[in-house]
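# Working through the structure, step by step
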Amino acid sequence: MLRKIRIGISVILFALITFYFLDFAELLPNSFHRLAHIQFVPALLSLSVGILIVLIVLSLLFGRIYCSTICPMGILQDIIARISKSTGKKKKRYSYSAAKNILRWGILGVVIITFLCKLPLLLGLLDPYSAFGRIITNVFKPVYILGNNLLESIFSKFDNYTFYRVDASIPSLSSFVIAIVTLGIIIILAWKHGRTWCNTICPVGTVLGFLSQFSLFKIRIDTNKCNGCGLCATKCKAACIDSKEHFIDHSRCVDCFDCLDVCKQKALIYSPSLKQKENTPKKKRKTSVEKEITAVDMSKRRFLTAGIMAGTTPKILTKAKASVATMGGQKPYTKKNPITPPGSVSREEFQQKCTSCHLCVSKCPSHVLKPSFSEYGLSGMMQPTVSFDKGFCNFDCTVCGDVCPNGAIRPLTVEQKHLNQMGYVVFVEENCIVYTEGTSCGACSEHCPTQAISMVPFRNGLTLPKINKEICVGCGGCEYVCPSRPFRAVYIEGNSIQKEAKPFKETEEQNVKVDDFGF
């Protein structure tokens, strides 16, 4: 019964969390973002004391219920293990293996140290919720949208327009590669060894595993009933049951309850205590520490190599782009500061709290949030940045702050968003087609919601943009519509610390008429 209840709750939570990432049509209400707030690392970073207390109390009472029921990455591993079990010619059998405590605590220690040193990349890579979010956003969502577009093409032939076409592009190639590698590792480990990721690599699993050793309710072995058949150990995907020694490693037990149903002797009991003391293994199996250390070193080398390549490639592309612009008579420029999402307060605070779960990237209706490559440097790889290549930041939109579970993007009201300056507009006269080609334009002014860009007389009846940085909010409408290529005549420079823009007031001297937003 316990196993069926656990599976039922897990399926519901997993389906809702996954679909919320995939849901581009907004079928689920925006309030479902609260499913992200009950995850351990997001609750820790956002200092959600109430949620943290609930998760800790759950672990102290019932063990690693979070890992078996709430964490989507844990449920994903169970799904993979179940598929492995059903597709194999032979019945899938697990066996007890000693805990790799040096590796477990070593990884947790390195994650904490790097985070305290303001290098959150490793935490973002290993946080189970963030890793799951990147997999869904970068790998499965494009496939999901392609399926939607296929149905749209089929249904539209019969004059049925239930489905509509959506851009199925990958948000970021680097994040896509990292998500694919992460998914590959998860599949390999879960397919062969069940919950190895949870009990060896995941820092959340290590912390909750420590707490679970002191939990009130545990799966315990009644030695008076146990005949040592070992059937429970073959079903334990956490590899934590040593049937020969009548021992269960509760720091690794994820409370899947698979062992309870298979024990024919009813020797396994999930209860507060047993009168008879539990045995501990007489001999601890040796762990190959040298192999673990070697594997960690090799992983570091590969990671550093990938980082060097990631830092070098954009520089080459920027130089090539500048050469093309110079040949065309344009003035090349480089943005000094990347733009962090509206409500992120400052780049420093944003980078320290963001674990790159990509929920904001997935839910952004304007598609201006994309995973960074080298904009923030190596430590900020995969963290969202604002790009106006495919759109602009909607003047009234506050979705990214609403859905962010970490507190990296603080929620804003619409009124606060109207004055939140995440960047400011910069005008490069040499790149403007009014200046270079003698052509009338003014698109930037027409698409500015705050009138930070106005048109002033230039020559021959033409007008040229004039900038007022103080009332600009950095929405990117001007940069998005500017026809100048490859370098635009107007672009948004990010603020390291987001400011409050001055409210725009129409005056007689300005004589500016605003009919609409322009979009």
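Above this text you will find the structure in question.
These lines cover the structure that appears in this document, whether it is placed above or below. Only a predicted model underlies this, so the values are computations on that prediction, with no experimental measurement involved.

### Topic: the overall build of the chain
- Each helix and strand in the chain was counted, giving 22 helices and 10 strands.
- Residues counted as buried form 49% of the 519 residues belonging to the chain.
- At a minimum sequence separation of 6, the contacts of the chain that also span at least 24 residues come to 75%.
- Counting only carbon and sulfur atoms, one obtains 62% of the accessible surface of the chain, whose full area is about 26300 Å².

### Notes on the packing of aromatic side chains
- All told, the structure shown has 17 aromatic pairs when counted by the stated rule.
- Between F19 and Y144, the ring centres sit 6.5 Å apart and the planes meet at 85 degrees, which makes this aromatic pair edge-to-face. Note that F19 is positioned in helix α1 (residues 2-22) and Y144 in helix α9 (residues 128-156), a separation of 125 residues in sequence.
- The exposure class of F19 is partly exposed, given its relative accessible area of 24%.
- Geometrically, the ring pair formed by F257 and Y270 is edge-to-face, given 5.0 Å between the ring centres and 70 degrees between the ring planes. Here Y270 lies in strand β4 (residues 268-271) and F257 lies in the loop between β3 (247-248) and α14 (258-262), a separation of 13 residues in the sequence.
- Overall, the relative accessible area of 3% leaves F257 in the buried class.
- Positioned above the aromatic ring of Y20 is the side chain of K363, whose terminal nitrogen or guanidinium carbon lies 4.2 Å from the ring centre.

### Section: the nonpolar core
- Core analysis: the largest hydrophobic core is formed by 85 residues, its most contacted members being F40, Y66, M73 and L359.
- Each residue touching L359, except ones within four places of it in the same chain, is listed here: Y20, F21, A36, Y129 and V403.
- Membership of the second largest hydrophobic core comes to 18 residues, among which are I221, F257, L260 and A267.

### Re the packing of helix α6 (residues 72-87) against helix α10 (residues 173-193)
- Packing of α6 against α10 leaves a shortest axis separation of 8 Å and a crossing angle of 55 degrees. If you check the angle between α6 and α10, you find them oblique. Both α6 and α10 take part in a crossing whose hand is right-handed. Two secondary-structure elements touch here, α6 through M73, L76, Q77, I80, A81, I83, S84 and T87 and α10 through I186, I187, A190 and W191.
- Here the contact of α6 with α10 is built from residues that sort into 9 nonpolar, 3 polar and no charged.

### Regarding α9
- With 29 residues, α9 extends 40 Å from end C-alpha to end C-alpha; this agrees with the ideal 42 Å at 1.5 Å per step.
- Along its length, α9 shows its largest kink, about 45 degrees, at F140, and proline P142 lies within four residues downstream of that point.

### A word on a nonpolar patch on the surface
- Judged by side-chain polarity, V49, I53, V57, L61, F62 and L216 come together as a nonpolar surface patch covering roughly 470 Å² of accessible area.
- One can find L61 in helix α4 (residues 49-62).
- What makes L61 partly exposed here is its relative accessible area of 32%.

### Brief notes about the environment of G474
- Relative to the assigned elements, G474 resides in the loop between β9 (463-467) and α22 (477-481).
- Owing to a relative accessible area of 0%, G474 belongs among the buried residues under this scheme.
- When the C-alpha atoms of G474 and V426 are compared, they prove to be 10.0 Å apart, with 48 residues separating the residues in sequence.
- In contact with G474, other than residues within four places in its own chain, are F388, M422, G423 and I492.

### Examining the side chain of T206
- Assignment of secondary structure puts T206 in helix α12 (residues 203-212).
- Residues contacting T206, with those up to four places away along its chain left out, are R104, W105 and L108.

### Thoughts on the pattern of salt bridges
- The final tally for this structure, using the stated rule, is 14 salt bridges.
- Here D78 ties to R6 by a salt bridge, and the two come within 3.5 Å at their closest N and O atoms. Of the two residues, D78 sits in helix α6 while R6 sits in helix α1, which places them 72 residues apart along the sequence. Exposure class is identical for D78 and R6. Each is buried.

Conventions used here
Residues numbered from 1 in each chain as written. Predicted model: local features only at pLDDT ≥ 70, side-chain atom pairs only at ≥ 80, totals over all residues. Heavy atoms only, no water. Helix = DSSP H or I, 4+ residues; strand = E, 2+ residues; numbered from the N terminus. Buried < 20%, exposed > 50% of the residue type's maximum accessible area, 1.4 Å probe, protein only. Contact = heavy atoms within 4.5 Å. Areas by Shrake-Rupley, 256 points an atom, 1.4 Å probe, with all protein chains shown as cover. Phe/Tyr/Trp six-rings, centres within 6.5 Å; stacked < 30°, edge-to-face > 60°. Lys NZ or Arg CZ within 6 Å of the ring centre and 35° of its normal. Core = buried A, V, L, I, M, F, W, Y, C linked by side-chain atoms within 4.5 Å. Axes fitted to C-alpha atoms, helices over the stretch in contact; angles between N-to-C directions. Parallel < 35°, antiparallel > 145°, perpendicular 65-115°, else oblique. Left-handed = near helix turned anticlockwise from the far one by under 90°. Nonpolar A, V, L, I, M, F, W, Y, C, P; charged D, E, K, R; others polar. Expected span 1.5 Å × (residues − 1). Bend = angle between axes of the 7 residues up to and from the residue. Patch = residues over 30% accessible without salt bridge, like charges linked within 9 Å, V, L, I, M, F, W, Y side chains within 5 Å. Salt bridge = Lys/Arg side-chain N within 4 Å of Asp/Glu carboxyl O.

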